[in-house]
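Chain by chain, the residues:
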Amino acid sequence: MTFSKTRAGMKAILCTLIAVIVFSFAGSERANAFQKDPADTISSSDVQFTTITTAADSIAAAKKKQQQEKVKPAAKSYNAPANEKPKTLWQVFIAGFLGGFLALLMPCIYPLLPLTVSFFTKKSGNRARGILQSAIYGLSIIVIYVALGLIITLLFGSDALNALATNGIFNIFFFLLLVVFGISFLGAFELTLPSSLANKLDQNSDKGGIIGIFFMAATLVVVSFSCTGPIIGSLLVDAASKGDRLGPAVGMFGFSLALALPFTLFALFPSMLKSLPKSGGWLNSIKVVLGFLELAFAMKFLSNVDLAYHWNWFDREVFLSLWIAIGLLMGLYLIGKLKFSHDSDLSYLSVPRTFVAIIVFSFVVYMIPGLWGAPLKVISGFLPPPATQDFDLSRINTSSSAPVQNVSIKEKKYEDMFSRGKHAGLNEWYDYEQALQVSKELKKPVLIDFTGWNCPNCRKMENSVWSDAEVRKRMQNDFVLLELYVDEKSELPAADQYTSSFSGKHITSIGAKNSDYEASKFETNSQPFYVITDSQGNVLIPPQGANYSVDNYIKFLDSGIAAYKTAH
């Protein structure tokens, strides 16, 4: 094996690692779906789109009818499940595929690749039979992992998967799980399944035919668990927390497909085995870097719990400090200044490794200004809200102060509860009835923001779109901003608790009340979700979800203002 070929292999491997980081950030979009059976949808039989020609119809009645026609189609015109579900499943599949490719490069699997392919090509006696057996072997790997994803779905169900995103116990469990996975990848210990299971499967692999090949694949799955377990666990955590019924199965399909394809491809082209880089210390380097990434992403689940349950100690600068520290350690490891027990000596830096180190150190430098309030738009979806920052230089700017609203309501309901979610320069309300009252007094439309503590897309919209000067000016001067958190865990007063006529569930928390309102009124449960209404709660224009175009959001706001003025 020549040095140039080895270096080329290393370049491809490390470039793949960079892609994983990029897709991890890009794949944070949360698109939760809530669909009703057609029999349960709001009836629109009373709405008739007819031309009013009789003299008996007054102008007021015509306006009222127009409002009814605007409201009901708007609720159905935005059908988040139909548009967002496929994108989410594709993201899960791509994440799984990349995870499977990385698992293939783990020390537990990579050395087995040429051995397994050679075994099939020699045992079969002819090339065609070797290809067939390798294909069956790869298909068996896919079946095993997809079955694992389906079992996860059957155990939890789609409703439970949707609840995982903000459930405190599960988020703590996911945090601890990722920490354990990360420590394992750093080399502190290995996660292994019982050896008796591997021995039993290995005995069954001696059987002939398809059954024997299937048990060979099952043996690979078990013996490689120390390397694949953390990757699989992270993928399942991510897929399950998105709340999509097919998420775990689709993620495992992508993972297993990437893992299985090489066994068939190398059986088709066995000469390609000679071009593979030799096993060595670079395999463990990939494993360690993944360990650092596991620790970094674990922080997000801890932040979720801190926000939803108002612990108020895992602030934005604490989160950033931990990510900066992890990034520095990763960079030092890449340049050979940090070494773990299973690492071989790094006599020199390869060009690809140097470039990855530069990217890591650059990312660390990018995060540092965030300690003083810089928006960090690239990763804003992962970070706690800016209001959790203790020291924020942007607050010194007097133009960021919220406009005063002279209204009869002197005390905002739930204001203290949502203080960590406040936005500089905006005057937020958190109770539906209060917002409608303010709208009547100020003669301004209501901008309803269905949001959540643990909604990455909400943070991205707030930091990328709401921060625009033109958007901010309109939100300050032309709207009553109502923020309805759908994952707030605080209980409603006993007198305000009720049983939903829409879902049949007993509504006991503020978040459940807001979520029930969004689902029953607009037939969606995705966040962010923006609705513009008048002071009677009538929807003025079709609502919309996350769209990171500033121009689009300005048009949305301007349309709402124009519709309000036309109706009033």
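Analysis parameters
Residues numbered from 1 in each chain as written. Predicted model: local features only at pLDDT ≥ 70, side-chain atom pairs only at ≥ 80, totals over all residues. Heavy atoms only, no water. Helix = DSSP H or I, 4+ residues; strand = E, 2+ residues; numbered from the N terminus. Contact = heavy atoms within 4.5 Å. Areas by Shrake-Rupley, 256 points an atom, 1.4 Å probe, with all protein chains shown as cover. Pairing = 2+ DSSP bridges. Axes fitted to C-alpha atoms, helices over the stretch in contact; angles between N-to-C directions. Salt bridge = Lys/Arg side-chain N within 4 Å of Asp/Glu carboxyl O. Buried < 20%, exposed > 50% of the residue type's maximum accessible area, 1.4 Å probe, protein only. 1 Å grid on protein atoms, 1.4 Å probe; cavity = no way out; pocket = protein on both sides within 12 Å on 5 of 7 lines; lining within 4 Å. Points joined across faces, edges and corners; volume = space filled by probe spheres on them. Nonpolar A, V, L, I, M, F, W, Y, C, P; charged D, E, K, R; others polar. Polar contact = N/O pair within 3.5 Å; in protein donor to acceptor, adjacent residues only side chain to side chain. Expected span 1.5 Å × (residues − 1). Disulfide = S-S within 2.5 Å. Phe/Tyr/Trp six-rings, centres within 6.5 Å; stacked < 30°, edge-to-face > 60°. Lys NZ or Arg CZ within 6 Å of the ring centre and 35° of its normal.

### Section: the overall build of the chain
Inference 1: Secondary structure assignment for the chain yields 18 helices and six strands.
Inference 2: Long-range pairs, those at least 24 residues apart, make up 75% of the contacts in the chain between residues at least 6 apart in sequence.
Inference 3: When the accessible surface of the chain is totalled, it reaches about 25,800 Å², and 63% of it is carbon and sulfur.

### Thoughts on the sheet that holds strand β6 (residues 529–533)
Through backbone hydrogen bonds, the strands of a sheet pair up, either in parallel or in antiparallel fashion.
Inference 1: Ordered in space as β1-β3-β2-β6, the four strands form an open sheet in which the pairing is mixed. Only two strands of the sheet have a single neighbouring strand rather than two, namely β1 (428–429) and β6.
Inference 2: Running at roughly 175° to strand β3 (residues 480–485), helix α14 (residues 432–442) makes contact with β1, β2 (446–451), β3 and β6 of the sheet.

### Details of the pattern of salt bridges
Inference 1: Tallied over the entire structure, the rule returns nine salt bridges.
Inference 2: Here D315 and R420 are joined by a salt bridge, their closest N and O atoms 2.5 Å apart. One end of the pair, D315, is in the loop between α11 (281–308) and α12 (316–334); the other, R420, is in the loop between α13 (351–367) and β1, with 105 residues separating them in the sequence.
Inference 3: D315 gets classed as buried once you look at its relative accessible area, which sits at 10%.
Inference 4: Between R474 and E470 there is a salt bridge whose closest N-O contact spans 2.9 Å. In this pair, R474 and E470 both sit in helix α16 (residues 469–477), four residues apart, roughly one turn of the helix.
Inference 5: You can call R474 buried: its relative accessible area is 15%.

### Describing unusual backbone geometry
Inference 1: Looking along the chain, the bond that leaves Q527 and enters P528 is cis, with omega of 0°.
Inference 2: Along the chain, P528 turns up in the loop between α17 (510–522) and β6.
Inference 3: Positive phi, close to 50°, is recorded for L376, a residue that is not glycine.
Inference 4: Inspection of the secondary structure puts L376 in the loop between α13 and β1.
Inference 5: Owing to a relative accessible area of 4%, L376 belongs among the buried residues under this scheme.
Inference 6: Even without glycine at this site, Y414 takes up a positive phi of about 70°.
Inference 7: With respect to the helices and strands, Y414 occurs in the loop between α13 and β1.
Inference 8: Since its relative accessible area comes to 17%, Y414 is described here as buried.

### Regarding empty space enclosed by the protein
Inference 1: Enumeration over the complete set of coordinates arrives at two cavities of 30 Å³ or more.
Inference 2: What the second largest cavity holds in volume is close to 40 Å³.
Inference 3: If you trace the second largest cavity, you find it lined by P403, Q405, L426, N427, M475, Q476, F479 and L481.
Inference 4: Split into classes, the residues belonging to the lining of the second largest cavity amount to five nonpolar, three polar and no charged.

### Let's talk about the pairing of β3
Inference 1: Within β3, six of the six residues are buried, leaving the element largely enclosed by the surrounding structure.
Inference 2: Judged by which residues are buried, β3 turns out to be covered on both faces: V480, L482 and L484 on one side and L481, E483 and Y485 on the other are all buried.
Inference 3: The sheet contact formed by β1 and β3 spans two bridges and is parallel. Bridged to E428 within β3 is L481.
Inference 4: With six bridges connecting them, β2 and β3 associate as parallel partners. Across the sheet, the residue bridging to I448 is L482, located in β3.

### A word on the side chain of S526
Inference 1: Summarising the element assignment, S526 is placed in the loop between α17 and β6.
Inference 2: Side chain to side chain, S526 and T524 meet in a polar contact 3.3 Å long.

### Observations regarding helix α18 (residues 550–567)
In an α-helix, one turn spans 3.6 residues; hence positions three or four apart end up facing the same way.
Inference 1: Given a rise of 1.5 Å per residue, 18 residues ought to cover 26 Å, and the 26 Å separating the end C-alpha atoms of α18 matches this to within 8%.
Inference 2: Residues Y553, I554, F556, L557, G560, I561, A563 and Y564 constitute the buried set of α18.
Inference 3: The inward-facing, buried residues of α18 abut α14, β2, α15 (456–464), α16 and β6.

### A short note on the state of the cysteines
Inference 1: Evaluation of the coordinates by the stated rule reveals one disulfide.
Inference 2: With a sulfur-sulfur separation of 2.2 Å, C455 is cross-linked through a disulfide to C458. Note on the C455 and C458 pair: the S-S dihedral is about 80°, so by sign convention the disulfide is right-handed.

### Quick notes on the packing of aromatic side chains
Inference 1: Per the stated rule, a full pass over the model turns up 25 aromatic pairs.
Inference 2: Ring geometry for Y333 against F340: centres 5.9 Å apart, planes inclined by 45°, an arrangement best described as tilted.
Inference 3: An angle of 35° between the planes, with centres 4.6 Å apart, marks the rings of W453 and Y485 as tilted. Highlighted residues: W453 in the loop between β2 and α15 and Y485 in strand β3, separated in sequence by 32 residues. Y485 matches W453 in its accessibility class, with the two residues each being buried.
Inference 4: Directly above the ring of W429 sits K412, whose terminal nitrogen or CZ lies 4.9 Å from the centroid.

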